[in-house]
Amino acid sequence: MTDENKKHGPDEAVENNVAAEADGTVEAAIPAEPDPVDALRAENADLRDRYLRLAAEMDNLRRRTERDVKDAKSYSVAGFARDMLAVSDNLRRALDAIPAEAKETGDAGLTALAEGVEMTERSMLAALERHGVRKIEPMGEKFDPNFHQAMFEVPNAEIANNTVVQVVQAGFVIGERVLRPAMVGVSKGGPKASAGETSTAQA
């Protein structure tokens, strides 16, 4: 077998491949490297998205914290105020227990005592009001279950139905929350309140 015949065998194919690789003709087999600019752009977009999400979360947290601090300032005295309302109720009961005849007779000691109790009650209510506790004045208003608690019904055909006609115990609010609903008696049997009267009462 001559040398020319040997060149046409398998060894010739291997030699041809090696020669082609040396020439750079087999570039398709080598994976192309990613463009560094595209990689940086993708990383930049990802970081920007994370930054915007984090900024939004921090803004929400700041608003929530401000609201919580405001609520804490406004409603932190709620428990104390509720206890003080019981004291105020007792002062009012003491004043109501004094007979009208005794007030009219003008007994100096009794008159001074009644005036002292009244001044104490007014001072306590004024102190509570300085801390955001306000008294509800529901007399003549349309009954509102958010602020009033109906204790009984009073039949009256002349007054609009569900109108507060008697206050058994005063109600109080602190800020926009009900501290204690007003215990009231409401009218029954009268005409239904018009929409205008209802909106005026709620305002």
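To be clear, the structure that these remarks concern was listed above.
Residues numbered from 1 in each chain as written. Predicted model: local features only at pLDDT ≥ 70, side-chain atom pairs only at ≥ 80, totals over all residues. Heavy atoms only, no water.

Visitor: I'd like a rundown of the overall build of the chain, residues and numbers included.
Guide: Of the regular secondary structure elements, the chain holds 7 helices and 6 strands. The N-to-C order of helical and strand elements in the chain reads α-α-α-α-α-α-β-β-β-β-β-β-α. Sequence separation of 24 or more characterises 67% of the internal contacts of the chain that already satisfy a separation of 6 or more. Of the roughly 15,200 Å² of accessible surface on the chain, 54% is carried by carbon and sulfur atoms. (Helix = DSSP H or I, 4+ residues; strand = E, 2+ residues; numbered from the N terminus. Contact = heavy atoms within 4.5 Å. Areas by Shrake-Rupley, 256 points an atom, 1.4 Å probe, with all protein chains shown as cover.)

Visitor: Give a description of the packing of helix α4 (residues 78-97) against helix α6 (residues 108-130) that names residues and reports values.
Guide: At their nearest, the axes of α4 and α6 sit 10 Å apart, and the two run at 155° to each other. Here α6 runs roughly antiparallel to α4, going by the angle between their axes. The chirality of how α4 crosses α6 is left-handed. Across the interface between the two elements, Ala81, Met84, Leu85, Val87, Ser88, Leu91, Arg92 and Leu95 from α4 touch Ala114, Val117, Glu118, Thr120, Glu121, Met124, Leu125 and Leu128 from α6. Residues that form the contact of α4 with α6 fall into these classes: 11 nonpolar, 2 polar and 3 charged. (Axes fitted to C-alpha atoms, helices over the stretch in contact; angles between N-to-C directions. Parallel < 35°, antiparallel > 145°, perpendicular 65-115°, else oblique. Left-handed = near helix turned anticlockwise from the far one by under 90°. Nonpolar A, V, L, I, M, F, W, Y, C, P; charged D, E, K, R; others polar.)

Visitor: Can you explain the sheet that holds strand β3 (residues 164-169)? Please cite residues and give values.
Guide: Pairing in this open sheet of 3 strands is mixed, and the strands run β2-β6-β3 from one edge to the other. In this open sheet, the two strands that pair with only one neighbour each are β2 (148-155) and β3. Averaged over neighbouring strand pairs, the angle between their axes works out to 30° when direction is ignored. Where β2 lies against strand β6 (residues 182-188), 7 bridges are found, and the strand directions are parallel. Across the sheet, residue His148 finds its bridge partner in β6, namely Ala182. (Pairing = 2+ DSSP bridges.)

Visitor: An account of the environment of Val178 is requested, with residue identities and associated values reported.
Guide: Within the secondary structure layout, Val178 lies in strand β5 (residues 177-180). Classification of Val178 by relative accessible area gives partly exposed; the value is 32%. Measuring from C-alpha to C-alpha, the distance between Val178 and Ile136 comes to 9.5 Å, with 42 residues separating the pair along the chain. Apart from the residues within four sequence positions on either side, Val178 is in contact with Asn146, Phe147, Phe172 and Val173. (Buried < 20%, exposed > 50% of the residue type's maximum accessible area, 1.4 Å probe, protein only.)

Visitor: So what about α6? Which residues, and what values?
Guide: Given a rise of 1.5 Å per residue, 23 residues ought to cover 33 Å, and the 33 Å separating the end C-alpha atoms of α6 matches this to within 8%. Regarding α6, the residues found buried are Ala114, Val117, Glu121, Met124 and Leu128. Check the buried side of α6 and you find it contacts α4 and β1 (133-136). The first or second residue beyond α6 is Gly132, which carries a positive phi of 90°. (Expected span 1.5 Å × (residues − 1).)

Visitor: Can you tell me about the pairing of strand β4 (residues 171-174), naming the residues and giving the values?
Guide: In β4, alternate side chains face the same way, and those of Gly171 and Val173 on one face and Phe172 and Ile174 on the other are all buried. Judged from the 4 bridges that link them, β1 and β4 form a sheet pairing that is antiparallel. By the bridge assignment, Lys135 is partnered in β4 with Phe172. Examined bridge by bridge, β4 and β5 share 3 bridges and lie antiparallel to one another. Across the sheet, Val173 pairs through a bridge with Val178, a residue of β5.

Visitor: Pulling in residues and values, what's your account of the sheet that holds β4?
Guide: Within a sheet, adjacent strands bond to each other through the backbone by hydrogen bonds, running parallel or antiparallel. An order of β1-β4-β5 is seen for the 3 strands of this open sheet, with the pairing classed as antiparallel. The strands lining the two open edges of the sheet, one partner per strand, are β1 and β5. If you compare each strand with its neighbour and ignore which way they point, the axes differ by 35° on average.

Visitor: Describe in detail the side chain of Thr163, supporting the description with residues and values.
Guide: Tracing the backbone through its elements, the reader meets Thr163 in the loop between β2 and β3. Accessibility expressed as a relative area gives 11% for Thr163, which makes it buried. Not counting the four nearest positions on each side in its chain, Thr163 is found in contact with Gly140, Glu141, Gly185, Val186 and Ser187.

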